[in-house]
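Take a look at the letters that make up each chain.
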Amino acid sequence: MRKQIAAANWKMNLTLEQGMALTADILKATLTTDITHQVILGVPFPYLIAIKAQIGNQENVFAAAQNCYSKASGAYTGEVSVEMLKSIGITHVIVGHSERREYFNESNAMLADKINICFEYGMTPIFCCGEPLAIREAETQNGFVATQLEESLFHLSPEQLTGFIIAYEPIWAIGTGKTATNEQAQEIQAYIRKVIAAKYGSTVADSISILYGGSVKAANAKEIFAQQDVDGGLVGGASLVATDFVTIINSLK
Ligand code: PGA
């Protein structure tokens, strides 16, 4: 059965002290969390070592990087490689968040390279996809998202995609307070699974955790996560408040 996941994306927020206080509250609350659920904390690079140490051996909680570079090593000032992340014990990385795509011009092809280097080093990527408002208004979101998947993931083997994590995040719902309706989330996430099943078969498609992201809050998490093809969430704003994020974790199926 595929994993149900509550993933936090702190983005460029919080000081180390604030981040550690938040993590302490989350760890306390997740000690009793069902072990089949996973909690992934996407924290800024400078905090990864500290947060990872704080998590210790709490099995169901992971620290994740919010980005990585597509090259193994070399003269790329300011970038962080997957090997570096592995060397400090990090196991997960968010790849292709819409803010990276928009502000840092990350293309589908570039993200395919990032996914490849993740697999080369045994890192688990959380691959983000999702359409901007104009595409949603033109009702062409399915084709748009299918192209993102095809161009960044569909060169992978069935083994690599088995148990993979995708976050569907409609850009018009990120940080806007405007959540996709339960029906909109279910419809496109079922479509994502269908596109994967058409290429890789239903066993692979059914093993993939597809998270929803975009203004997930304590008040709406339960109903969104209850949708059949929604396997949890990638949460920005509401992941910065311990009580809200703990409610979101407890809303997983
Ligand atoms: P939000 O962000 O929950 O603040 O909308 C989600 C995300 O960008 O991952």
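Source: prediction; values computed, not measured.

So, how was this worked out
Residues numbered from 1 in each chain as written. Predicted model: local features only at pLDDT ≥ 70, side-chain atom pairs only at ≥ 80, totals over all residues. Heavy atoms only, no water. Axes fitted to C-alpha atoms, helices over the stretch in contact; angles between N-to-C directions. Helix = DSSP H or I, 4+ residues; strand = E, 2+ residues; numbered from the N terminus. Parallel < 35°, antiparallel > 145°, perpendicular 65-115°, else oblique. Left-handed = near helix turned anticlockwise from the far one by under 90°. Contact = heavy atoms within 4.5 Å. Nonpolar A, V, L, I, M, F, W, Y, C, P; charged D, E, K, R; others polar. Buried < 20%, exposed > 50% of the residue type's maximum accessible area, 1.4 Å probe, protein only. Polar contact = N/O pair within 3.5 Å; in protein donor to acceptor, adjacent residues only side chain to side chain. Pairing = 2+ DSSP bridges. Near = heavy atom within 4 Å. Expected span 1.5 Å × (residues − 1). Arc of directions from axis to C-beta.

### Details of the packing of helix H7 (residues 141-153) against helix H9 (residues 182-200)
At step 1: Interaxial distance between H7 and H9 falls to 10 Å at its minimum, and their mutual angle equals 45°. As summarised for this structure, H7 and H9 are arranged oblique, according to the angle between their axes. When the axes of H7 and H9 are compared, the crossing they make is right-handed. Residues Gln141, Asn142, Gly143, Val145, Ala146, Leu149 and Leu153 of H7 lie in contact with H9, whose contacting residues are Ile188, Tyr191, Ile192, Val195 and Tyr200.
At step 2: The residue makeup of the contact of H7 with H9, split by class, is nine nonpolar, three polar and no charged.

### Remarks on the side chain of Ser209
At step 1: With respect to the element layout, Ser209 can be found in strand S7 (residues 209-213).
At step 2: A relative accessible area of 0% places Ser209 in the buried class.
At step 3: A polar contact of 2.7 Å, which involves the side chain of Ser209, links it to the backbone oxygen of Lys3.
At step 4: Beyond its immediate chain neighbours, meaning those up to four positions away, Ser209 contacts Arg2, Lys3, Ile5, Phe164, Ile165, Ile166 and Asp231.

### Some points on the sheet that holds strand S2 (residues 37-42)
Adjacent strands of a sheet pair through backbone hydrogen bonds, lying either parallel or antiparallel.
At step 1: Ordered by their spatial adjacency, eight strands build a closed barrel running S1-S2-S3-S4-S5-S6-S7-S8, and the pairing between neighbours is parallel. With direction set aside, neighbouring strand axes in the sheet form an average angle of 25°.
At step 2: Bridge count between strand S1 (residues 4-9) and strand S8 (residues 232-235): four bridges; the pairing is parallel. By the bridge assignment for S8, Ala7 is matched with Leu234.
At step 3: Packed onto the sheet, helix H1 (residues 16-30) meets S2 and strand S3 (61-65) and runs at close to 175° relative to S2.

### Thoughts on the side chain of Gln189
At step 1: Inspection of the secondary structure assignment puts Gln189 in helix H9.
At step 2: In this structure the side chain of Gln189 is engaged in a polar contact, spanning 2.9 Å, whose partner is the backbone oxygen of Asp229.
At step 3: In this view, Gln189 contacts Tyr168, Ile210, Leu211, Tyr212, Asp229 and Val230; residues no more than four positions away in its chain are not counted.

### Remarks on the site of the ligand
At step 1: Lining the immediate environment of the ligand, one finds 13 residues, of which Lys11, His97, Glu169, Gly175 and Ser215 sit closest.
At step 2: Measuring from an oxygen atom of the ligand, one finds a side-chain N or O atom of Glu169 at 2.7 Å.
At step 3: Ser215 places a main-chain nitrogen or oxygen 2.8 Å from an oxygen atom of the ligand.
At step 4: Each residue belonging to the shell around the ligand can be placed in one class, and the counts come to four nonpolar, seven polar and two charged.

### Considerations on H1
At step 1: The end-to-end C-alpha separation of H1 is 20 Å, in line with the 21 Å expected for 15 residues at 1.5 Å each.
At step 2: Among the residues of H1, Gly19, Leu22, Thr23, Ile26, Leu27 and Thr30 are the ones counted as buried. Buried residues along H1 cover an arc of 140° about the axis, so they all sit on one side. Relative to its buried face, H1 has exposed residues pointing more than 90 degrees away, namely Glu17 and Lys28.
At step 3: Buried-residue contacts for H1 involve S2, helix H2 (48-55), S3 and helix H12 (242-249).

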